[in-house]
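Structure assessment
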Amino acid sequence: DRHLTLAVCQTGPVQRSATRAETVGRLVHLLERAAAAGAELAVFPEMALTTFFPRWTLDESEIEGFYEERVPGPQTQPLFDAARRLRLGFALGYSEIADEDGRKRRFNTMDLVDADGSLVGRYRKIHLPGSEASEAGTTVHLERRYFEPGNLGFPVFAYRGARIGLALCNDRRWPETYRMLCLNGAEVVLIGYNTPAVLAEAPTLDHLRMFHNHLPMQAGAYQNTVWVAAAAKAGVEEGQALIGGSCIIAPTGEIAALAVSVDDEVIVHRADLGLIDTCRRVNFDFARYRRPSEYGLIAER
Ligand code: CDT
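Parameters at a glance
- The numbers attached to residues start from 1 for each chain and follow its sequence in the written order.
- Local features in a predicted model are, by the rule used here, given only for residues with pLDDT of at least 70; side-chain atom pairs are given and counted only at 80 or more, and totals for whole chains, interfaces and linings are based on all residues.
- UniProt positions are given in the numbering used here, feature names are shortened, and annotations may be inferred rather than shown by experiment.
- Every helix listed is a DSSP run of H or I at least four residues long, and every strand listed is a run of E at least two residues long, numbered separately from the N terminus.
- Working convention: axes come from line fits to C-alpha atoms, limited for helices to the stretch in contact. Angles between N-to-C directions cover 0 to 180 degrees.
- Angles below 35 degrees are treated as roughly parallel, those above 145 as roughly antiparallel, those between 65 and 115 as roughly perpendicular, and all remaining angles as oblique.
- Left-handed describes a crossing in which the near helix is turned anticlockwise from the far one by less than a right angle; the clockwise case is right-handed.
- Remark: residues whose backbone-derived C-beta atoms lie within 7 Å of one another are considered to be in contact.
- As a working rule, the residues Ala, Val, Leu, Ile, Met, Phe, Trp, Tyr, Cys and Pro are called nonpolar, Asp, Glu, Lys and Arg charged, and the rest polar, with Gly in that last group.
- Being near a molecule or strand means, for a residue, that its C-beta atom, positioned from the backbone, comes within 6 Å of it.
- Between any two strands, pairing holds if DSSP finds at least two bridges.
- By our criterion, buried Ala, Val, Leu, Ile, Met, Phe, Trp, Tyr and Cys residues that link up through C-beta atoms within 7 Å make up a nonpolar core.
- Counting other C-beta atoms within 10 Å of its own, a residue is labelled buried from 20 upward, exposed at 12 or fewer, and partly exposed in the gap between, with every C-beta atom placed from the backbone.
- The crossover handedness rule: strands pointing away from the viewer, path from first strand over the helix to second strand clockwise, crossover right-handed.
- Arc definition: it is the arc formed by the directions from the helix axis to the C-beta atoms.

**Some words on the UniProt feature "domain: CN hydrolase" (unreviewed entry) in the protein chain**
Mapped onto this numbering, the UniProt entry annotates "domain: CN hydrolase" (unreviewed entry) at residues 4-275. Each end of residues 4-275 is marked by a C-alpha atom, and these two atoms are 12 Å apart; helix forms 22% of the span and strand 31%.

Written out as structure tokens, the structure is:
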């Protein structure tokens, strides 16, 4: 009888004027609410500490303050102290600046933190959407200007006896993300996202934004027999509307819990990890039925 009580800590917007201390304070409060609801693992959004700055074209001097040089740092320490006090681990998305290969490298990162506040593992976003420079007729989304693609693969980490994978925003739309995590043994996939409610390049798809949020996560959960817990940064941030729809999805593909606001909100579900085996018995006995020898093209192109 294996269970893990998951909490998704959705946040409302983080405006550019917000201080790190204010934002970290909001996250601590959400973690306290998650702990009070019995959560054993919580997930925060992508870039949870700052506004989604890739919506602007900024120069080097303007972007510095959006990145973390180390986590925990002086301003983020209260969140790690809260984890230890509450005995509740979490996944946190943030912008990372790392000294690697003799240069400064920037990644869109998510850390998994243990219930004692120590680092369990790190993921760096692989699928970076948007462009390097703003393009006429499209919603400005410059992740490719501000980040390099992740270089840590799709790692899976042990947490309280469960196997946890991490993914960030656009990663959730790609089947390869879930399959790689599944093949690495994931039982739970934690996701953070910042998703504009409308895209200038495709107004005819506006009514599908929430459908296209849930569709790939439900399919990813079902086809890979994993639990998915996904946290939005939602609401109107610097004049741009971001979707909510944070959710916890079972390996059956069912949405087990769903946020109803576009503000700070905690949703909780006691995830039955045994359901993974049931779903594997029904159809997805991967070792028995998959035919990797026929799938080579997927890794070639
Ligand atoms: N943050 C992030 O990856 N957002 C993307 C929007 C891309 S719009 C060019 C998403 O897939 O939701």
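**Some words on the packing of helix α1 (residues 20-36) against helix α3 (residues 77-86)**
Two elements in contact, α1 and α3, have axes whose closest approach is 9 Å; the angle formed by their N-to-C orientations is 15 degrees. Comparing the axis directions of α1 and α3 gives the class roughly parallel. The handedness of the crossing between α1 and α3 is right-handed. Of the residues in α3, those touching α1 at Val24, Leu27, Val28, Leu31, Glu32 and Ala35 are Pro78, Leu79, Ala82 and Leu86. Here the contact of α1 with α3 is composed, by residue class, of nine nonpolar, no polar and one charged.

**Some remarks on the site of the ligand**
Around the ligand, the neighbouring residues are Glu46, Pro129, Gly130, His141, Cys169, Asn170, Arg173, Tyr193, Asn194, Thr195, Pro196 and Leu199. For the shell around the ligand, the residue count by class is five nonpolar, five polar and two charged.

**So, the sheet that holds strand β1 (residues 3-10)**
Strand pairing in a sheet is mediated by backbone hydrogen bonds. Such pairs are either parallel or antiparallel. The six strands are arranged β5-β4-β3-β2-β1-β14 in an open sheet whose pairing can be described as mixed. Lying at the two open borders of the sheet, with one neighbouring strand each, are β5 (119-124) and β14 (265-272). Across this sheet, the average inter-strand angle for adjacent strands is 35 degrees, counted without regard to direction.

**Some remarks on the nonpolar core**
Core analysis: the biggest nonpolar cluster contains 75 residues, and Leu6, Val8, Cys9, Ala42 and Val188 have the highest contact counts within it. Ranked by residue count, the leading element in this core is strand β9 (residues 227-232), at six residues. The residues contacting valine 188, other than those within four sequence positions of it, are Leu4, Leu6, Ala162, Ile164, Val226, Trp227, Ala229 and Ala271.

**Quick look at the pairing of strand β8 (residues 188-193)**
Burial analysis of β8 places six of its six residues in the buried class, which makes it a mostly covered element. Across the two faces of β8 the burial is the same, with Val188, Leu190 and Gly192 and Val189, Ile191 and Tyr193 all buried. With helix α5 (residues 175-183) bridging strand β7 (residues 162-168) and its parallel neighbour β8, the resulting β-α-β unit is right-handed. Where β8 lies against β9, six bridges are found, and the strand directions are parallel. Within the sheet, the bridge partner assigned to glycine 192 lies in β9 and is alanine 231.

**Topic: the sheet that holds β8**
An order of β6-β7-β8-β9-β12-β13 is seen for the six strands of this open sheet, with the pairing classed as mixed. Single-partner strands in this sheet number two, and they are β6 (156-159) and β13 (255-258). Neighbouring strand axes in the sheet, compared pairwise and without regard to direction, differ in orientation by 20 degrees on average. The strands touched by helix α6 (residues 211-224) are β9, β12 (247-249) and β13; relative to β9, the strand with the most contacts, the crossing angle is about 155 degrees.

**Points about the packing of α5 against α6**
With their axes 9 Å apart at the nearest point, α5 and α6 run at an angle of 30 degrees to one another. As far as their axial angle goes, α6 and α5 are roughly parallel. Where α5 crosses over α6, the two elements pack in a sense that is right-handed. For the pair formed by α5 and α6, the contact residues are Pro175, Tyr178, Arg179 and Cys182 on the first element and Gly220, Gln223 and Asn224 on the second.

**Let's talk about the environment of valine 156**
Within the secondary structure, valine 156 is located in strand β6. C-alpha separation for the pair valine 156 and valine 71, spaced 85 residues apart in sequence, amounts to 20 Å. Here valine 156 is in contact with Arg163, Ile164, Gly165, Leu181, Asn184, Gly185 and Ala186, once residues within four sequence places are set aside.

**Quick word on α3**
The complete set of buried residues in α3 reads Leu79, Phe80, Ala82 and Ala83. All buried residues of α3 fall inside an arc of 155 degrees around its axis, so they share one side. Packing partners of the buried residues in α3 comprise α1, β3 (89-100) and β4 (103-113). Arginine 87 lies just past α3 and shows a positive phi near 55 degrees.

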